[in-house]
Amino acid sequence: MTPLLTVEGLGVEFPVGNWPRRRTLRASFDVSFSVGRGEIVALVGESGSGKSTIGRVIARILPAKAGRVTLHGPGERDTDSFGPRAGEASMRWRQRVQLIFQDPAASLNPVFPVGHPVARALRLHGRADPKTVDERVAAALEAVGLHPGATFATRYPHQLSGGQRQRVSIARALATDPDLVIADEPTSMLDVSIRMDILRLFTTIRASGTRSVLLITHDLASARLVADRVVVLYAGEVMELGPARAVLDAPRHPYAQLLAAAATRSGDLRAPLPAAEGAPKVIDPGPGCPFAPRCAQATDRCRAERPALTAVSPDHAVRCHLVRPE
Amino acid sequence: MIADRRARLGLALVLGFVSVALLGPLFVADPSAYLGPPLAPPSGDFWFGTTGQGQDVFAQTVVGARSTLLVATIVAGLTVFIGAVLGATAAYLGGVVDALLSLAVNVFLVMPGLPLIVVIAAFLPPGPVTMGVVLTLTGWPWHARVVRAQVASLRSRDFVAAAQVSGESTWRIVVVELLPNLAAVLGSSFIGALLYAVGAQVGLEFLGLGDLNAVTWGTNLYWATNDSALLTGSWWTFVPTGAGIAAFGFGLTLLGFVLDERANPRLAARGATGPGPQPTPVERADG
């Protein structure tokens, strides 16, 4: 599959606390993966695993400290090595990469009717002129299931339900006709009853052409439902990546096994988890595997030496000392 | 908002005083002229009586409103503007700029306000310009604080990031996306600033730190004390001005409440506009 997005060695750090107790939080470290054209890739991991941060770096809201993000095009190729963020190249990136936020209530400005953000996205990227913009906004809203679009365009965010607001966010993101849509937990703030509808929208986004989706989620069920490939993150590092079926149904990494076990635990809640509880150590991480402190099978080597990403099949790789290449 | 009883009363009071200040001086006698007997009680000739110098108290009250309200409006506008610009800059840029501006704000805040005002006012030549400068210098830090907090919280909201992703420029995000969200806060800050400016101005002039030849609400009260209004029992020399200040302040306070509720939906939910959340009725099975 021709790649659309490649992420190489991405590292993101945030300062926490004030001098003299200033520390560095490592939100992402040496993250590499790619998204093919027309592919849905899911970034999964628990809270604090760095998945949202990676999405925001690709969407150019946050700068990275190291690494490279490249968008491959039919003609041109855009590389973000985190230099200045202005000008035409930046606008082209904005047109090609769009982000859908987790909280649809917070991502819409409360003082404007919901037609405003869609109209702005269309106008900024030359996809509508003042005469046609109302028509185009209505059409964009109807494309995500808000009928009649012209009426919805004049409503304010507080007059819409959570699911309707998220549809507006999706319409805003699709308004620039992007190549890559990053969806940051798009269903986690929604009622369970409407999650399926929103998820189905993402499969139609992909079906409509060569568009790709990077789905950021902690919900393995939705990843399994729509994703082609899955990247499992822990403490900002890639633990396992590969085809969705292979990773989610037969995980190789102990952390991926823990995630899968936690997701399917609805039956017997008293059964012990295959690892200890705890939170990833992202401030002052040690030299070894980040998951070692919680891993039931950790050895001295795991605590001392960071494992490399090992291929277990051509498109399936695991970062663990215990996994042997096949 | 106009449907709110408090808003209507507040608006009527404030607009009433503003029109008196604007138009009133055209219809009353010269407030400085010696027109009648000193300390005459209210009568048909002098509705609010006369001062110790035989000046018309009614004319002084009406004309005094003009200077006091004019200076107060300018001071309120300037303090809110300076506060908003510095506060928004600090919050939006963050980092070193934020640290330096916040330090300046905090320094101004810990300085004891009234003594500082008295000292500055005593050194500068008395007059409305001095008054405006002194009150502006000491009045802006609160607004800077309020606006900084608001912008800091708005800035981290996702709709700002969403506008960035759509490709909006920084200035457009601040002016078009953020500023309308601050309207209610700036409005209620302005009302608070007006209240402060009227109070502080009258206070300074009452202490004799203003221009004593001018006719303002503050000097009216200064001269009333100077003429031993309390000793002679001539209440009419200070009650009209005092009542004017109180009523104007009351009107502003009412407007401020209403705006506060607009700026803070949580207050509106349990405010005087409707009953708050009611306790769930519990039916006892045992009677």
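Described below are features of the structure shown in this document. (Residues numbered from 1 in each chain as written. Chains lettered and ligands numbered in written order. Predicted model: local features only at pLDDT ≥ 70, side-chain atom pairs only at ≥ 80, totals over all residues. Heavy atoms only, no water.)

**Details of the packing of aromatic side chains**
The final tally for this structure, using the stated rule, is seven aromatic pairs over all chains. Ring geometry for Tyr234 of chain A and Phe291 of chain A: centres 5.0 Å apart, planes at 85°, overall edge-to-face. With Tyr234 of chain A in strand β9 (residues 229–234) and Phe291 of chain A in the loop between α10 (254–263) and α11 (300–304), the pair connects residues that are 57 residues apart, well separated along the chain. In terms of burial, Tyr234 of chain A and Phe291 of chain A fall into one category: buried. Taking the centre distance of 5.2 Å and the plane angle of 55° together, the rings of Phe108 of chain B and Trp140 of chain B count as tilted. Of this pair, Phe108 of chain B sits in helix α3 (residues 95–110) while Trp140 of chain B sits in helix α5 (residues 128–155); the two residues are 32 residues apart in sequence, bridging distant segments of the chain. Judged by its relative accessible area of 10%, Trp140 of chain B is buried. Taken together, the ring pairs connect Tyr234, Tyr255 and Phe291 of chain A into an aromatic cluster. (Phe/Tyr/Trp six-rings, centres within 6.5 Å; stacked < 30°, edge-to-face > 60°. Helix = DSSP H or I, 4+ residues; strand = E, 2+ residues; numbered from the N terminus. Buried < 20%, exposed > 50% of the residue type's maximum accessible area, 1.4 Å probe, protein only.)

**What about empty space enclosed by the protein?**
All told, the structure shown has seven cavities of 30 Å³ or more when counted by the stated rule. By volume, the largest cavity is sized at about 100 Å³. Surrounding the largest cavity, Ser107, Leu108, Asn109, His116, Pro117, Arg120 and Arg172 of chain A together with Phe159, Ala163, Ser166, Glu168 and Glu177 of chain B form its lining. (1 Å grid on protein atoms, 1.4 Å probe; cavity = no way out; pocket = protein on both sides within 12 Å on 5 of 7 lines; lining within 4 Å. Points joined across faces, edges and corners; volume = space filled by probe spheres on them.)

**Quick word on the pattern of salt bridges**
All names here are of chain A. Counted by the stated rule, this structure contains 18 salt bridges over all chains. With a closest N to O distance of 3.6 Å, Arg68 and Glu8 form a salt bridge. Taken together, the residues span a long stretch of sequence, with Arg68 in strand β4 (residues 66–72) and Glu8 in strand β1 (residues 3–16) at a distance of 60 residues. Its salt-bridge partner being Arg306, residue Glu237 comes within 2.7 Å of it at the nearest N-O pair. Taken together, the residues span a long stretch of sequence, with Glu237 in strand β10 (residues 237–243) and Arg306 in the loop between α11 and β11 (309–313) at a distance of 69 residues. (Salt bridge = Lys/Arg side-chain N within 4 Å of Asp/Glu carboxyl O.)

**Thoughts on the interface of chain A and chain B**
The interface of chain A with chain B comprises 22 residues on the first partner and 15 residues on the second. Taken together, the two surfaces of chain A and chain B that pack against each other cover about 1,600 Å², and 53% of this comes from carbon and sulfur. Taken together, the links from chain A to chain B amount to two salt bridges. Taken together, chain A and chain B are joined by nine residue pairs in polar contact (both at pLDDT 80 or more). If you list the elements that add at least two residues to the side of chain A that touches chain B, you get α2 (87–96), β6 (97–100) and α3 (115–124) of chain A. In terms of residue count, α3 of chain A provides more of the side of chain A that touches chain B than any other element does, four residues in total. (Contact = heavy atoms within 4.5 Å. Buried area = accessible area lost by both parts, 1.4 Å probe. Polar contact = N/O pair within 3.5 Å; in protein donor to acceptor, adjacent residues only side chain to side chain.)

**What about helix α7 (residues 170–206) of chain B?**
All names here are of chain B. Here α7 contains 37 residues, and its C-alpha end-to-end distance of 48 Å is more than 12% below the 54 Å for a straight helix at 1.5 Å per residue. Of all bends in α7, the biggest is about 55°, found at Leu179, and the proline Pro180 comes one to four residues later. After α7 finishes, the residue Gly208 shows a positive phi value of roughly 90°. (Expected span 1.5 Å × (residues − 1). Bend = angle between axes of the 7 residues up to and from the residue.)

**Focus: unusual backbone geometry**
Residue and element names in this part refer to chain A. In this structure, Pro148 follows His147 across a cis peptide bond, with omega equal to -10°. Looking at where Pro148 falls in the secondary structure, it is placed in the loop between α4 (133–143) and α5 (149–153). For Asp30, which is not glycine, the phi torsion reads 50° and is therefore positive. Position of Asp30 relative to the elements: it lies in strand β2 (residues 23–36). Even without glycine at this site, Glu185 takes up a positive phi of about 45°. Note that Glu185 resides in the loop between β7 (180–184) and α7 (192–207).

**Description of the side chain of Asp184 of chain A**
All names here are of chain A. Turning to its location among the elements, Asp184 is positioned in strand β7. Nearest to the buried, unbridged Asp184 among oppositely charged side chains is Arg56, at 4.2 Å. With near-sequence residues (within four places) excluded, Asp184 lies in contact with Ser52, Arg56, Leu99, Ile100, Phe101, Gln102 and Ile216. (Lys, Arg positive; Asp, Glu negative; His and termini not counted.)

**Description of the sheet that holds β11 of chain A**
Remark on secondary structure: sheet strands pair via backbone hydrogen bonds, oriented parallel or antiparallel. All names here are of chain A. With mixed pairing, the eight strands of this open sheet are ordered in space as β6-β7-β8-β3-β9-β10-β12-β11. Both edges of this open sheet fall to β6 and β11, since each of them pairs with a single strand only. The mean inter-strand angle of the sheet, taken between neighbouring strand axes irrespective of direction, is 20°. Bridge analysis of β11 against strand β12 (residues 316–319) gives four bridges, and the strand direction is antiparallel. Within β12, the position partnered with Ser313 by the bridge is His316. (Pairing = 2+ DSSP bridges. Axes fitted to C-alpha atoms, helices over the stretch in contact; angles between N-to-C directions.)

**Some thoughts on a nonpolar patch on the surface**
Residues and elements named next belong to chain B. On the surface, Val119, Phe123, Leu124, Val129, Val133 and Leu137 cluster together into a nonpolar patch covering about 580 Å² of accessible area. Listing elements by their share of the nonpolar patch, those giving two or more residues are α4 (113–123) and α5. Relative to the elements of secondary structure, Val129 occurs in helix α5. (Patch = residues over 30% accessible without salt bridge, like charges linked within 9 Å, V, L, I, M, F, W, Y side chains within 5 Å. Areas by Shrake-Rupley, 256 points an atom, 1.4 Å probe, with all protein chains shown as cover.)

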